[in-house]
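# A structural walkthrough
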Amino acid sequence: MKLTPLRERLLSLPGASEDTPFGPEILVYRIADKMFALLSWQEEPMRLNLKCEPELALLLRELHPEVTPGWHMNKQHWNTITLTDTLDEHLWYGWVRHSYERVCAGLPKRLRPEAPC
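This one's a predicted model, so the numbers in the text were calculated from it and none came from an experiment.

## Structural notes on the state of the cysteines
By definition, a disulfide links the sulfur atoms of two cysteine residues through a covalent bond. By the definition in use, this model includes zero disulfides. Cysteine Cys 52 remains unbridged, with the sulfur of Cys 104 as its closest cysteine sulfur at 16 Å.

See below:
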């Protein structure tokens, strides 16, 4: 996966923004100031931290060697995905959407984007 199309996908989600509060090596993606993805873009392969429902997080770790407990995150609610060529792009992009929707659902209605989460 190349950085530019990945960034475009993450920023295409309604209300998504990108910043670098932890330094330039970690791109942080937010909805209404709440993180839904962190991208270690300088690593090869890149790694992506995503929020996940706890039971699903455990299942994904069992099924996919590329999925591990969230690096520097709450291990119950976050997974780290190593974006290897063997991991189907549509699969992990669905996980991005799941992370975004979990964070969006936790926002007060007034802070949710007008487009459905």
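What follows picks up the thread again.
## So, unusual backbone geometry
Backbone torsion omega between Glu 44 and Pro 45 reads 0°, so that peptide bond is classified as cis. The residue Pro 45 is located in the loop between strand 3 (34-40) and strand 4 (47-51) in this model. Unlike most non-glycine residues, Ala 32 shows phi in positive territory, near 50°. Relative to the assigned elements, Ala 32 resides in the loop between strand 2 (26-31) and strand 3. Residue class for Ala 32 comes out partly exposed when judged on its relative accessible area of 30%.

## A word on the environment of Pro 14
In this structure, Pro 14 sits in the loop between helix 1 (3-11) and strand 1 (16-19). By relative accessible area, which is 23% here, Pro 14 ends up partly exposed. The sequence separation of Pro 14 and His 72 amounts to 58 residues, and the corresponding C-alpha distance is 26 Å.

## So, the environment of Cys 52
Locating Cys 52 in the fold gives a position in the loop between strand 4 and helix 2 (54-63). Note on Cys 52: relative accessible area 4%, which makes it buried. For the pair Cys 52 and Val 103, spaced 51 residues apart in sequence, the C-alpha to C-alpha distance is 9.4 Å. For Cys 52, the contacting residues outside a window of four places in its chain are Ala 57, Leu 60, Gln 76, His 77, Asn 79, His 98 and Arg 102.

Rules used throughout
- Residues numbered from 1 in each chain as written.
- Predicted model: local features only at pLDDT ≥ 70, side-chain atom pairs only at ≥ 80, totals over all residues.
- Heavy atoms only, no water.
- Disulfide = S-S within 2.5 Å.
- Helix = DSSP H or I, 4+ residues; strand = E, 2+ residues; numbered from the N terminus.
- Buried < 20%, exposed > 50% of the residue type's maximum accessible area, 1.4 Å probe, protein only.
- Contact = heavy atoms within 4.5 Å.

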